[in-house]
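Chain and residue survey
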Amino acid sequence: MKLKKTLLVAMSLAFVAGTAQAQLKVGISVSATGPAASLGIPERQTVDLMPKTIGGLSVSYVVLDDASDTTSAVKNIRKLVSEDKVDIVLGSTTSPNSLAMIDVAAETKTPMISWAASSRIVEPVDEKRRWVFKTPQNDAQMATAIVQHMTSNNVKKVSFVGFADAYGEGWYEQFKSIAEARGIEIVANERFNRTDTSVTGQVLKMMSARPDAMFIAGSGTPAALPQKTLKERGWTGKVYQTHGVANNDFLRVCGRDCEGTLLPAGPVLVAEQLPADNPVKASAMKYINAYEAAHGKGSVSTFGAHAWDSGVLLEAAVPAALKSAKPGTAEFRAALRDALESVSEVVGAHGIFSMSPTDHLGLDQRARVMVQIQNGAWKLAK
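Residues numbered from 1 in each chain as written. Predicted model: local features only at pLDDT ≥ 70, side-chain atom pairs only at ≥ 80, totals over all residues. Heavy atoms only, no water.

From N to C terminus, the protein chain includes 12 helices and 15 strands. Taking the principal axes of its C-alpha atoms as reference, the protein chain extends roughly 90 × 45 × 35 Å. Residues classed as buried in the protein chain amount to 55% of the 382 residues present. By sequence separation, contacts in the protein chain at least 24 residues apart represent 69% of the contacts at least 6 residues apart. Carbon and sulfur atoms make up 52% of the accessible area of the protein chain, which amounts to about 15700 Å² in all. (Helix = DSSP H or I, 4+ residues; strand = E, 2+ residues; numbered from the N terminus. Buried < 20%, exposed > 50% of the residue type's maximum accessible area, 1.4 Å probe, protein only. Contact = heavy atoms within 4.5 Å. Areas by Shrake-Rupley, 256 points an atom, 1.4 Å probe, with all protein chains shown as cover.)

The following block contains the structure:
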């Protein structure tokens, strides 16, 4: 009888162990509160729509809020890796948070897919960044679209203002390099903090330089402050923003002061307006339909689509990694990293991903369009 009980216990333990191995654990650090909440909330809501099973595995998502704070982001990734034993980490929402998480991902050899924009997150692909990937378009891709629009519209001089952090600095470096190569002069270079309540001093300096256009390098609702101040001070010329403002909360906060604003964006923002033969349209509409079914018509955000695309990448990479190892092991994490680096022509909501050992974003020019705010809505720019 004792032998029978022992055998039953052993079989139960074996079943539990097998069940644990049949689950993929995904850790997520997202800025669902704090200054970047307008970006992080749609990302958090998108997690509920991401794959529940991949390659025969059930998927468990462990979601932590970093409150838009770099220290909290680092604490989160350490907890996810050391306590929750996740196989991969997704996030965070902002560039400073994602940059702060890189050391932990590399140290623990845990693959990470960032939902933030800065090219510094994945470039250069060194010993640390070989573990890091991302889904948002690089600054350089979007800056090129802005410069092309500027040159086509006779813009010769630009005043620049950006966040006083990695996002603003990264954008300035990329924009300056491309703009100067195309004969555009940056006549003012200012900064502001995400939590500032006034940028009057910066705006006055920008206007006194007599530019042909203004360029604001910010993200989320804080990027509305310089634009509203420009309007208050009587600026009537062109204003460019980055894809970091491509959500409805920005439209709500900025209101009429945003009318006419130009920005580059992922195709998901205007997917319904894209021609039928656009290679990303069908995938973008799949995300839009799923998100709006859960949250209502017009609720979709480009930022949530960055989270969605990380799920698309997992669906492509996990089956390949499973050929080498089982989840919950260092071998699987390494195999998953290798598989992500090898994805080719994977169609997401924002573009088509083809990674390589030197490119951990993998998007090309199919991942961007120019958009203009017209009558409080996003319109494909012509």
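It is worth spelling out the state of the cysteines at this point. Inspection of the entire model under this criterion finds 1 disulfide. Here C254 pairs with C258 through a disulfide, and the sulfurs are 2.0 Å apart. One quick way to see it: the torsion about the S-S bond of C254 and C258 is about 115 degrees, and its sign makes the bridge right-handed. Both residues of the pair, C254 and C258, belong to the buried class. (Disulfide = S-S within 2.5 Å.)

Before going further, it helps to spend a moment on the side chain of H306. Along the chain, the position of H306 falls in helix α11 (residues 302-322). A polar side-chain atom of H306 sits 3.5 Å from a polar atom in the side chain of H350. Excluding residues within four positions of it along the chain, H306 makes contact with W115, T135, P136, Q137 and H350. (Polar contact = N/O pair within 3.5 Å; in protein donor to acceptor, adjacent residues only side chain to side chain.)

A separate point is the sheet that holds strand β6 (residues 132-134). Think of a sheet as strands paired side by side through backbone hydrogen bonds, with each pair either parallel or antiparallel. Judged by pairing direction, the sheet is mixed, and its 6 strands sit side by side in the order β2-β3-β1-β4-β5-β6 without closing on themselves. Lying at the two open borders of the sheet, with one neighbouring strand each, are β2 (53-54) and β6. Summarising the sheet, strand β1 (residues 23-30) and strand β3 (residues 57-65) pair through 8 bridges and their orientation is parallel. Following the sheet pairing, K25 is matched in β3 by S60. (Pairing = 2+ DSSP bridges.)

Right, let's get into the environment of V59. Tracing the chain through its elements places V59 in strand β3. Classification of V59 by relative accessible area gives buried; the value is 11%. Spatially, the C-alpha atoms of V59 and V26 are 7.2 Å apart, while their sequence positions differ by 33 residues.

Turning next to the packing of aromatic side chains. The description of an aromatic ring pair uses the distance of the two centres, along with the angle that the planes make with each other. Taken as a whole and assessed by the stated rule, the structure comprises 9 aromatic pairs. Taking the centre distance of 5.5 Å and the plane angle of 80 degrees together, the rings of W171 and F215 count as edge-to-face. In this pair, W171 is assigned in helix α6 (residues 166-181) and F215 in strand β9 (residues 213-217), connecting sequence segments 44 residues apart. Arranged with centres 5.1 Å apart and planes meeting at 50 degrees, the rings of Y287 and W308 form a pair that is tilted. You can see Y287 sitting in helix α10 (residues 281-295) and its partner W308 sitting in helix α11, a full 21 residues away along the chain. Given a relative accessible area of 0%, Y287 falls into the buried group. Stacked on the ring of Y172, the Lys or Arg R191 has its end atom at 5.2 Å from the ring centre. (Phe/Tyr/Trp six-rings, centres within 6.5 Å; stacked < 30°, edge-to-face > 60°. Lys NZ or Arg CZ within 6 Å of the ring centre and 35° of its normal.)

Our focus in this paragraph is the packing of helix α7 (residues 200-208) against helix α8 (residues 224-232). It is at 10 Å that the axes of α7 and α8 come closest, and there the two elements cross at 60 degrees. Considering their axes alone, α7 and α8 lie oblique with respect to each other. Regarding α7 and α8, the two cross each other, and that crossing is right-handed. Seen from α7, the contacting residues are T200, V203 and M207; seen from α8, they are P226, T229 and L230. Class assignment of the residues belonging to the contact of α7 with α8 gives a composition of 4 nonpolar, 2 polar and no charged. (Axes fitted to C-alpha atoms, helices over the stretch in contact; angles between N-to-C directions. Parallel < 35°, antiparallel > 145°, perpendicular 65-115°, else oblique. Left-handed = near helix turned anticlockwise from the far one by under 90°. Nonpolar A, V, L, I, M, F, W, Y, C, P; charged D, E, K, R; others polar.)

What follows deals with the pairing of β3. Both β2 and β3 contribute to a ladder of 2 bridges, which runs antiparallel. Residue T53 lies in a different strand from β3, and its bridge partner there is S58.

Quick look at the pairing of strand β4 (residues 88-91) now. In the sheet, β1 pairs with β4 via 4 bridges, with the strands oriented parallel. By the bridge assignment, G27 is partnered in β4 with V89. Pairing of β4 with strand β5 (residues 112-114), which is carried by 2 bridges, proceeds in the parallel orientation. Paired with V89 across the two strands is M112, which belongs to β5.

Let us look at the confidence of the model for the protein chain. Mean pLDDT over the protein chain works out to 93, with 95% of the residues at or above the 70 mark. Segment residues 1-21: pLDDT under 50, and 3 contacts once partners within four positions in sequence are set aside and those in other chains are kept. (pLDDT = per-residue confidence, 0-100.)

Here Q227 is to be found in helix α8. Apart from residues lying up to four places away in sequence, Q227 is in contact with I216, V239, Q241, F250, C254, D257, C258 and T261.

Turning our attention to α7. It helps to recall that an α-helix has 3.6 residues per turn; residues three or four apart then point in one direction. Those residues of α7 that sit buried are Q202, V203 and M206. Buried residues of α7 fall within an arc of 95 degrees about the axis and therefore sit on the same side. On the buried face of α7, the contacting elements are β7 (157-163), β8 (185-192), β9 and α8. The positive-phi residue at the C-terminal boundary of α7 is R210, with phi of around 55 degrees. (Arc of directions from axis to C-beta.)

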